[in-house]
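Topology and contacts: notes
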Amino acid sequence: MKEKNEELKIPFWEKYTLTISETAQYFGIGETKLREYLNANPTAKFVFKNGNKTLIKRKMFEKIIDENYVL
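Notes on the structure in this doc start here. Quantities reported herein were computed from a predicted structural model and do not represent experimental measurements.

With that settled, the discussion passes to helix 2 (residues 31-40). All buried positions along helix 2 are accounted for by Leu 34, Tyr 37 and Leu 38. Across the axial projection of helix 2, the buried residues extend over an arc of 100°, all falling on one side. Opposite the buried face of helix 2, by more than 90 degrees, sit the exposed residues Thr 32, Asn 39 and Ala 40. Next to the buried residues of helix 2 lie helix 1 (20-27), strand 2 (47-50), strand 3 (53-57) and helix 3 (58-67).

Sheet strands line up and pair through hydrogen bonds in the backbone, either parallel or antiparallel. Taken in spatial order, the 3 strands make up an open sheet running 1-3-2, and their pairing is antiparallel. Bordering the open sheet on either side are strand 1 (17-19) and strand 2, each of which pairs with just one other strand. Neighbour-to-neighbour, the strand axes of the sheet open up by a mean angle of 40°, direction not taken into account. Of the pairings in the sheet, the one linking strand 2 to strand 3 comprises 4 bridges and is antiparallel in character. The partner of Val 47 across the bridge, within strand 3, is Ile 56. Sheet contacts for helix 1: strand 1 and strand 3; angle to strand 1, the most-contacted strand, approximately 100°.

What counts, and at which threshold
Residues numbered from 1 in each chain as written. Predicted model: local features only at pLDDT ≥ 70, side-chain atom pairs only at ≥ 80, totals over all residues. Heavy atoms only, no water. Buried < 20%, exposed > 50% of the residue type's maximum accessible area, 1.4 Å probe, protein only. Helix = DSSP H or I, 4+ residues; strand = E, 2+ residues; numbered from the N terminus. Arc of directions from axis to C-beta. Contact = heavy atoms within 4.5 Å. Pairing = 2+ DSSP bridges. Axes fitted to C-alpha atoms, helices over the stretch in contact; angles between N-to-C directions.

Everything listed is a geometric property; what it means functionally is a separate question.
Structure representation (structure tokens):
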């Protein structure tokens, strides 16, 4: 049984949503470039807002990467 304060670690490739930092690491994109892209596309379907926290739906964003040559 896990301790109350012990955090469950889930690998990036198994997460449904990723933070901006995790997304940048996973896809090899700079955080600044990713934030610029998100600011230019604030209503994108792959973006999920949890309060002030921006999360990226990983599989949907993978499709964006697959369909584009330039981000």
